[in-house]
Amino acid sequence: MKTLTLETKQSNNSWPNYSYESILAASERVNWSVEDLIGGDKRLDFNRPFLPESLARVEGLDFLTPRERVVLNQIRSHDYLYIFGLVEEFIVPFVLDHTRPLLHGSNARVRAFLNFAGEEAKHIELFRRFREDFLAQFGSQCDVIGPPEAIAQAILSKHPLAVALVILQIEWMTQRHYLDSVADDTAIDPQFKSLLKHHWMEEAQHAKLDSLMVQAIAEACSAQERATAIDGYLELGGMLDAGLMQQVRFDVESLKRATNRTFSADETSRIIEVQQKATRWTFLGSGISHPNFLAATDLVSPGARARLESIAPLFT
Ligand SMILES: [Fe+2]
Ligand SMILES: [Fe+2]
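Note that the coordinates shown come from a computational prediction; the quantities given were computed from them, not determined experimentally.

Engineer: Could you clarify how one ought to interpret empty space enclosed by the protein in this entry?
Structural biologist: Taken as a whole and judged by the stated rule, the model has one cavity of 30 Å³ or more. Its volume calculated, the largest cavity comes out at about 40 Å³. Lining the largest cavity are Tyr80, Thr174, His177, Tyr178, Val182, Leu196 and His199. Mapped onto the lining of the largest cavity, the elements with two or more residues apiece are helix 7 (160-182) and helix 8 (190-219). If you tally residues by element for the lining of the largest cavity, the top one is helix 7, at four residues. Of the residues in the lining of the largest cavity, the class split is four nonpolar, three polar and no charged.

Right under this line is the structure:
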């Protein structure tokens, strides 16, 4: 789609100059509906992998048959649907809370933020519908962490600036997934690829809006509050990481169930080791190390970039 705004590298020493008018116009151009992407004859092809190998990292597990590797890839794609549905559960109320005090201000700003929240509510439905189709065809159960409401509540209890940074990281992460891993991949299922593409198309606007939101919240905070918000962001990252590591252990059980096989202790630790790294990169590292995210953190609190760059290698 030619009308898309592609991501731009932002300067390191000033906030990017995104305009609400152009973000709103892009959001209105993109605007797809869930029914365009799933339902009727639009079905997942379980003969194919669903996630790009750079996110799934199943090919190094040479004691799995090619079919078992595809099944593990699909289990990881189920995580992807679930985890995105889960994080969007706290993005919607957070964006609405940010928008309410702005209602009497710039019309483009209010409408852009309302579209942001509306699109995330639509994404929750999109991921839910894909999960429903996935589970109807996959043939066995896939266990997941949660419940989403409890995770959302724990995250929303932190300082708004820390929460806005977590959301900003997720938005840039989605951009990176599509541009670096998905766009040129011809092996994955076209139906799943269509979900990733359409999600990316709307997230491109969200990344910019969240950057503006982080800027506005940060400008109303003292230097001390900003520094504390970086600590809060890291605590939330640690909380998400613990959940993701549990999810990987669930995935091993789901793999055993789906393929009807058992693994030796060594094989189990190998799957866990490889998949923990893959999951960390997918949901944390690809966002933490995004140049636009790092630039934003340093504007929030000078020195934050160096701090995050020193921990990013743990998530590669
Ligand atoms: Fe989304
Ligand atoms: Fe988003």
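Engineer: Can you walk me through unusual backbone geometry in this structure?
Structural biologist: Apart from glycine, the bulk of residues carry a negative phi angle, and the bulk of peptide bonds sit in the trans form. With an omega of 0 degrees, the peptide bond between Gly146 and Pro147 qualifies as cis. Looking at the element boundaries, Pro147 is found in the loop between helix 5 (107-138) and helix 6 (148-156). Of note, Arg57 is a non-glycine position whose phi angle comes to about 50 degrees, a positive value. Relative to the elements of secondary structure, Arg57 occurs in the loop between helix 3 (53-56) and helix 4 (66-99). According to the relative accessible area criterion, Arg57 is partly exposed, its value standing at 23%. Of note in this structure, Asn260 is not a glycine but carries a positive phi near 60 degrees. Take Asn260: its relative accessible area is 72%, and that puts it in the exposed class.

Engineer: Could you clarify how one ought to interpret the coordination of the iron ion (ligand 1) in this entry?
Structural biologist: Six octahedral donors around a metal ideally make angles of 90 or 180 degrees; four tetrahedral donors ideally make 109.5 degrees. At 1.9 to 2.3 Å from the iron ion (ligand 1) lie its protein donor atoms, namely Glu88 (OE), Glu120 (OE), His123 (ND1), His199 (NE2) and Glu203 (OE). In primary-sequence terms, the residues that donate to the iron ion (ligand 1) follow E-x31-E-x2-H-x75-H-x3-E. In this structure, the iron ion (ligand 1) lies 3.5 Å away from the iron ion (ligand 2), the two metals sharing Glu120 as a donor. In this pair, His123 is assigned in helix 5 and Glu203 in helix 8, connecting sequence segments 80 residues apart. The buried category is assigned to His123, whose relative accessible area is 0%. The class for Glu203 is buried, based on a relative accessible area of 1%.

Engineer: Any chance you could explain the layout of surface pockets here in plain terms?
Structural biologist: Taking a probe equal in size to a water molecule and rolling it over the atoms shows the remaining empty space. Within this model, the largest pocket holds a volume of roughly 220 Å³. Together, 16 residues line the largest pocket, and Ile83, Leu86, Val87, Leu240 and Leu244 are the ones closest to its centre. Elements supplying a minimum of two residues to the lining of the largest pocket: helix 4, helix 7, helix 9 (223-259) and helix 10 (265-288). Looking at the second largest pocket, the residues that line it are Leu81, Tyr82, Gly85, Leu86, Glu89, Ile124, Phe127, Arg128, Arg131, Glu132 and Pro148. Residue assignment for the lining of the second largest pocket shows that the elements contributing at least two residues are helix 4 and helix 5. A breakdown of the residues in the lining of the second largest pocket according to their chemical character gives six nonpolar, one polar and four charged.

What counts, and at which threshold
- Within each chain, residue numbers correspond to sequence positions counted from 1 in written order.
- Each chain takes a letter, starting from A, and each ligand takes a number, starting from 1, following the order in which they are written.
- Only residues with pLDDT of 70 or above have their local features reported here, since the model is predicted, and side-chain atom pairs are shown and tallied only from 80 upward, although totals for entire chains, interfaces and linings are computed over all residues.
- Think of the side-chain values as coming from all heavy atoms in the structure, minus any hydrogens and water.
- Cavities and pockets were defined on a 1 Å grid built from protein atoms only: a cavity is a group of points that admits a 1.4 Å probe but offers it no way out, a pocket is an open group of points flanked by protein on both sides within 12 Å along at least five of seven lines, and a lining residue is one with an atom within 4 Å of any such point.
- Grid points are joined across faces, edges and corners, and a volume is the space filled by probe spheres set on the points.
- The helix count covers DSSP runs of H or I at least four residues long, the strand count covers runs of E at least two residues long, and both are numbered beginning at the N terminus.
- Under the scheme applied here, ten amino acids are nonpolar (Ala, Val, Leu, Ile, Met, Phe, Trp, Tyr, Cys and Pro), four are charged (Asp, Glu, Lys and Arg), and all others, including Gly, are polar.
- The classification of residues rests on relative accessible area computed with a 1.4 Å probe and restricted to protein chains. Under 20% of the type maximum is buried, over 50% is exposed, and intermediate values are partly exposed.
- Metal sites are built from N, O and S donor atoms within 2.8 Å, or 3.2 Å for Na, K and Ca, and they leave out water, so they may look incomplete.

In short, geometric facts, not functional conclusions.
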